[in-house]
Amino acid sequence: MSDSAGGGEGGGVAGAGQDAEADNEPPQQAPPLPEGDSLEVGETSEEGTPPSAKRSRISNEEQGLQQPAKPVKMHGETPAQAGSLQEDAAPPAQRTEPLQGEEEGREGAEVSASGEGEEECHQNGDGGHDTPLQEGERKPEEELNGNRSAESPSGGQHLGLDFTQNPQMLTGSWTEYSNFPENYLKGCKWAPDGSCILTNSADNVLRVYNLPPEIYSYNWDLLPEMSPVLRMAEGDTIYDYCWYPKMNSLDPDTCFLASSSRDNPVHVWDAFYGEVRASFRPYNHLDELTAAHSLCFSPDGTQLYCGFDKTVRVFYTERPGRDCEERPTIVKKQGQSGIISCFGFSPCQSVYACGSYSRCAGLYSCQDGTLLALLPTRHHGGLTHLLFSPDGNYLYTGGRKDPEILCWDLREPDKVLFSLKRNVATNQRIYFDLDMSGKYLLSGDTEGVVSVWDTQTAPPDGNEELLQPQLRFQAHWDCTNGISIHPFMPLLATSSGQRQFPWPSDSEGDSASDGEGGDAVMSPQEIRQDNTLSLWWAGPLGPAAEGSQGQSTAVVEA
């Protein structure tokens, strides 16, 4: 893979490993442009570059942000596309040529924590807690949509999710995952600024896909198959990965992500060039390097939380290396046991939640890691994913081989408000996601079905009732393990696939059955294989798209 960047140290021996762990970083909207600096489509700035032009590479010695010298052409991009891309689609780009004097595997550079500010009380760009706008000031969505062309789907205004009809599949990536046997995906995550998508797969490669610029037009029949612009290869099974929460593709210093893999330190990858920017090295009590099972940046991006067996280690992003703060989750035989498998930060309080493979979740103080509450053990399997609601009052938790997503009322931590039913029959992590308002919760299942729940239809008192989905549709023919909602557009990203096991008759050959019988046994297995990243439109459809809606997806009877 010519686009993959090694740059890591300690590549372990490849082998079968457990499924990738999860994280939950609160993404946020792309920041608005400075007042009076908005540019129309095709208009250039004073430097002569379009607003989406990529910044030039800064040298190892320079720490400050430089003005762009010229746009960097993206992989598979035509010159016309490079000059007409809007600000909200300005993605990290792949390096076009090697740098002189650059050291391979550079890992000592400090990770910039720029973009720090007030702690924001929203998740997935929650618009319900926006601060009052000054006169003449526009919201980020209005600022972005004001720069789009008249025929764009946004129509100059922010579009919300619309689940009165099935989402329409726009494009995806499937050829990329057909060159490696059983290269199933293990999740997908939108960048916090919505410019690109990050995926994880069984070949231990993280891929970054740009948001196609054609998405802003209703000519969706012209959308090509997506190709990754970056490939970042880890040495072994990837346990977890997460975006830097202050990521803004207009500021290269903020464009990075973290990943953890077996027998390797935590790597911080440059999302513009696919290089290892820094490493965090956790050691156990025997002074042996140990891998983190889960990762999550703090909302302000200054800290990186890593989950281990009965321990959370906190690194400071501006200080790579081995120095960290250790926070045991069990003190004097009291607390949360098991491997810390997932994290979530409250958008409104200085509180974070930890899920563990001991089937329980705990709430902790961000200041010193003090255990505030330990939720009852209600799950049937170890927790694999959790999310706070945008108002911080509710916590959603899901586990492996567990059919329920539980909604906890954190004002009464021992109370389950309601549950959501999905089909999870394997140990694989099945992600779920909330929209920016906290109204819709979406999750896939092991049968490839995506369910959409309206959480606001739940009874306010809560009798632990089972909330029925508003919509169910067949997104993939194999397990839909990843789902991610765009921070400010009605777009969904889904990923599919799982480890396939041969049928018992396969090893017996023709002696056990005739040729026709063998073919009949193999056909269901072949049909179920679907290793794909898909992009869906979940907003109002324009006149040109309504005619093609019928061929998008199949409705699943509840």
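Remember, predicted model here, so these are calculated numbers, not experimental data.

**What about the overall build of the protein chain?**
Phase 1 of the analysis: On a plain count of helices and strands, the protein chain comes out with four helices and 33 strands.
Phase 2 of the analysis: When the 558 residues of the protein chain are sorted by exposure, 56% land in the buried category.
Phase 3 of the analysis: For the protein chain, the proportion of contacts with a sequence separation of at least 24, taken over those separated by at least 6, is 63%.
Phase 4 of the analysis: Accessible surface computed for the protein chain: about 22900 Å², of which carbon and sulfur atoms make up 48%.

**Section: unusual backbone geometry**
Phase 1 of the analysis: Even without a glycine there, the phi angle at Asn204 is positive, about 60°.
Phase 2 of the analysis: By relative accessible area, which is 11% here, Asn204 ends up buried.

**Things to note about the environment of Leu375**
Phase 1 of the analysis: By the element assignment, Leu375 lies in the loop between β20 (371–374) and β21 (383–388).
Phase 2 of the analysis: Since its relative accessible area comes to 3%, Leu375 is described here as buried.
Phase 3 of the analysis: Sequence-wise, Leu375 and Asp414 are 39 residues apart; in three dimensions their C-alpha atoms are separated by 5.9 Å.
Phase 4 of the analysis: In contact with Leu375, not counting residues within four places along its chain, are Cys360, Ala361, Leu395, Trp408 and Pro413.

**Overview of the nonpolar core**
Nonpolar side chains tend toward joint burial in soluble globular proteins.
Phase 1 of the analysis: Within the largest apolar cluster, 22 residues are counted, with the highest numbers of intra-cluster contacts made by Leu211, Ile215, Met489, Leu491, Leu535 and Trp537.
Phase 2 of the analysis: Those elements that provide at least two residues to this core are β3 (185–190), β31 (491–496) and β32 (533–537).
Phase 3 of the analysis: Judged by nonpolar contacts, the second largest core, of 20 residues, contains Cys196, Tyr241, Cys255 and Trp269.

**Here we look at the pattern of salt bridges**
Phase 1 of the analysis: Counting across every chain of the model gives twelve salt bridges.
Phase 2 of the analysis: The shortest N-O distance in the salt bridge between Arg411 and Asp409 comes to 3.0 Å.
Phase 3 of the analysis: Residue classification places Arg411 among the exposed residues on the basis of a relative accessible area of 52%.
Phase 4 of the analysis: Under the relative-accessibility criterion, Asp409 is labelled buried at 7%.
Phase 5 of the analysis: By sharing partners, the salt bridges in this structure join Glu176, Asp203, Arg207 and Arg231 into a single network.

**Observations concerning the sheet that holds strand β8 (residues 256–261)**
Phase 1 of the analysis: If you trace the four strands from one edge of the open sheet to the other, you get β7-β8-β9-β10, paired in antiparallel fashion. The two strands at the open ends of the sheet, each matched to only one other strand, are β7 (238–243) and β10 (276–280). Sheet twist, expressed as the mean angle between neighbouring strand axes with direction ignored, is 20°.
Phase 2 of the analysis: The sheet contact formed by β8 and strand β9 (residues 266–270) spans four bridges and is antiparallel. If you follow Phe256 over to β9, its bridge partner there is Asp270.

Scoring rules and cut-offs
- Residues numbered from 1 in each chain as written.
- Predicted model: local features only at pLDDT ≥ 70, side-chain atom pairs only at ≥ 80, totals over all residues.
- Heavy atoms only, no water.
- Helix = DSSP H or I, 4+ residues; strand = E, 2+ residues; numbered from the N terminus.
- Buried < 20%, exposed > 50% of the residue type's maximum accessible area, 1.4 Å probe, protein only.
- Contact = heavy atoms within 4.5 Å.
- Areas by Shrake-Rupley, 256 points an atom, 1.4 Å probe, with all protein chains shown as cover.
- Core = buried A, V, L, I, M, F, W, Y, C linked by side-chain atoms within 4.5 Å.
- Salt bridge = Lys/Arg side-chain N within 4 Å of Asp/Glu carboxyl O.
- Pairing = 2+ DSSP bridges.
- Axes fitted to C-alpha atoms, helices over the stretch in contact; angles between N-to-C directions.

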